[in-house]
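Read off the chains here:
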Amino acid sequence: MPAGTLYRGREGMWSWVAHRVTGVLIFFFLFVHVLDTALVRVSPEDYDKVVATYKTPIVALLEYGLVAAILFHALNGLRIIAVDFWAKGPRYQKQMLWSVVITWLILMAGALYPVLGHAARELFGS
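Cut-off values and rules
Residues numbered from 1 in each chain as written. Predicted model: local features only at pLDDT ≥ 70, side-chain atom pairs only at ≥ 80, totals over all residues. Heavy atoms only, no water. UniProt positions renumbered as here; feature names shortened; annotations may be inferred. Helix = DSSP H or I, 4+ residues; strand = E, 2+ residues; numbered from the N terminus. Core = buried A, V, L, I, M, F, W, Y, C linked by side-chain atoms within 4.5 Å. Buried < 20%, exposed > 50% of the residue type's maximum accessible area, 1.4 Å probe, protein only.

The chain has the name Succinate dehydrogenase, cytochrome b556 subunit in an unreviewed UniProt entry, where Streptomyces noboritoensis is given as its organism. Word for word, the UniProt comment on the chain under Cofactor (unreviewed entry) is "heme".

Below, the structure is given as structure tokens:
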């Protein structure tokens, strides 16, 4: 059975979609990151302005979204590897997906303060 045909049920379909969406979002971030880093060679003053905008609470929320995308993409990627290369993987893919989701939620809860702490202090004071 070819890879990719192992996604069965509603959960498998949504994990497939989420994996593709997070991959595209991560690619977009990397593209923008390369551009803004290259800006330092063109105009250091403009680079400093761009970096200053990265310290705003809205960008902190975007950073939290980036952490969410990277974590889900990585964890789900490991699940996909297990489904594709472990003989019993297809049989346990639903359980592995729920393990990925629970692990992702725990890690995202742990990332709340480190990623959004600065934004909360800026909005509400220390």
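Before going further, it helps to examine the UniProt feature "transmembrane region" (unreviewed entry) in the chain. In this numbering, the UniProt entry assigns the feature "transmembrane region" (unreviewed entry) to residues 21–42, 54–75 and 96–116. With 100% helix and 0% strand, the stretch residues 21–42 has end C-alpha atoms that lie 32 Å from each other. With 86% helix and 0% strand, residues 54–75 has end C-alpha atoms that lie 27 Å from one another.

Moving on: the nonpolar core. Residues Ala-60, Tyr-64, Ala-68, Met-108, Ala-111, Val-115, Leu-116 and Ala-119 constitute the largest nonpolar core, which totals 8 residues. Broken down by element, the residue count for this core peaks at 5 residues, all from helix H4 (residues 93–124).

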